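Here is what each chain is made of, one letter per residue.
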There are 2 protein chains.
Amino acid sequence: MAEIDRMLVANEEWARDFADAHPVRPARAVAVVACMDSRMPLFGLLGLSIGDAHVIRNAGGVITEDTIRSLTISQHLLGTREIVLVHHTDCGLQTTDDISFADRVEQATGRRPPWAARAFTDVDDDVRESMRLLKESPYLLSREVRGTVYDVETGRLREVV
Amino acid sequence: MAEIDRMLVANEEWARDFADAHPVRPARAVAVVACMDSRMPLFGLLGLSIGDAHVIRNAGGVITEDTIRSLTISQHLLGTREIVLVHHTDCGLQTTDDISFADRVEQATGRRPPWAARAFTDVDDDVRESMRLLKESPYLLSREVRGTVYDVETGRLREVV
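Novice: Any chance you could break down the interface of chain B and chain A for me, citing the residues and the numbers?
Specialist: At the interface, 90 residues of chain B touch 90 residues of chain A. Our enumeration of links across chain B and chain A arrives at four salt bridges. A salt bridge links Asp5(A) to Arg146(B); the nearest nitrogen and oxygen atoms lie 3.1 Å apart. Here the side of chain B that touches chain A gets eleven residues from one element, more than from any other, and that element is helix 1 (residues 3-16) of chain B. Here the residues of the side of chain B that touches chain A sort into 47 nonpolar, 21 polar and 22 charged.

Novice: How would you explain the pairing of strand 3 (residues 82-88) of chain B if you had to name every residue and give the values?
Specialist: Residues and elements named next belong to chain B. Burial analysis of strand 3 places six of its seven residues in the buried class, the great majority of the element. Both strand 1 (residues 30-35) and strand 3 contribute to a ladder of five bridges, which runs parallel. Considered in strand 3, the bridge of Val 32 is made with Val 84. Where strand 3 meets strand 4 (residues 144-150), seven bridges bridge the pair, whose relative direction is parallel. Bridging from a neighbouring strand, Ile 83 pairs with Val 145 of strand 4.

Novice: Can you explain the pattern of salt bridges? Please cite residues and give values.
Specialist: Within this structure, the stated rule accounts for 30 salt bridges over all chains. Across the pair Arg128(B) and Asp125(B) runs a salt bridge, and its minimum N-O distance is 3.1 Å. Of the two residues, Arg128(B) and Asp125(B) both sit in helix 5 (residues 123-136), three residues apart, roughly one turn of that helix. Where Arg146(B) meets Glu159(B), a salt bridge forms, and the shortest distance between an N and an O atom there is 2.8 Å. Of the two residues, Arg146(B) is situated in strand 4 and Glu159(B) in strand 5 (residues 157-160); the sequence distance between them amounts to 13 residues. For Arg146(B), a relative accessible area of 27% translates into the label partly exposed. Each of Glu3(A), Arg6(A), Arg28(B) and Asp52(B) takes part in salt bridges that share partners, so that together they form one network.

What counts, and where the lines are drawn
- Residue numbers restart at each chain and count upward from 1, following the sequence in its written direction.
- The naming scheme follows written order: chains are lettered A onward, ligands numbered 1 onward.
- For this predicted model, a pLDDT threshold of at least 70 governs which residues receive local features, and a threshold of 80 or more governs which side-chain atom pairs are given and counted, while totals over whole chains, interfaces and linings are taken from all residues.
- As a rule here, side-chain values cover all heavy atoms of the structure and leave hydrogens and water aside.
- Every residue pair with non-hydrogen atoms within 4.5 Å of one another is taken to be in contact.
- What makes a salt bridge here is a side-chain nitrogen of Lys or Arg within 4 Å of a carboxyl oxygen of Asp or Glu, nothing more.
- Under the DSSP-based scheme used, a helix requires at least four consecutive residues in state H or I and a strand at least two consecutive residues in state E, with every element numbered from the N terminus.
- Nonpolar residues are Ala, Val, Leu, Ile, Met, Phe, Trp, Tyr, Cys and Pro. Charged residues are Asp, Glu, Lys and Arg, and all others, Gly as well, are polar.
- Burial status follows relative accessibility: with a 1.4 Å probe on protein chains alone, a residue under 20% of its type maximum counts as buried, one over 50% as exposed, and anything between as partly exposed.
- Think of it this way: DSSP has to see at least two bridges between two strands before they count as a pair.

This is how it looks when you write it as structure tokens:
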């Protein structure tokens, strides 16, 4: 069975137990920016309920033009004012570098990507760099941003200061 | 209390009950691309377990350079081969258009964003456009992609064909 078919079957049970609808504006006025890693069910590990927070995720949880676009919409259109970053231990982007990754894609597809993978070595430094980029963005209404690292071995979240 | 402090407190309980670690490669070899909307706890509504799938989310769940970057890493570095799109009803991006949104940001911040908000009107068309963009990307190893719309009033997921 294709993965989507398993998801559609699982969703039937979810919809049967579905309790109530929520408004489009996040109740806690916060946006989370996190890595796409498969080991981070953010609602569970951050204690979020349905309707609480926007959730933006990409490879690394890094700040790109698309992250800024999403946060600008989140703040100007839907009223969020805080940003929480969630990076994590054992990230795939720590196992490569931008040149090696571009080489690998080029070998497999014949095309070299014009964008960088955004590989990194130190996760705390990567969180601090993301906080800096958000604080410098001229499009955000609020630059209240704090960053964390999630330990995928223990389930524990640690703030980066 | 700042939202992050509430999250750190909630995470203590999560970490106490944390069962076991999982490998970095998604067990079901699938990546989900979804909107950032606060009403979509994707693990729950798709029946995902920890470690199953990459989760990429932005405003609208649209395909941008950053989405392609994340999916390319997901496929070349971490072995996923299927993509499932999750858009939804009552999206904030259906309440504006790209010009009005840029006007609003410019009025509030004095700076006009050089990127488009990616507003849309018909959600099924938006899913089909995303599927088309993914199938055309030269960087992906697999272009197996299927799209869905989640109904935020009922909890039900519907495939777009």
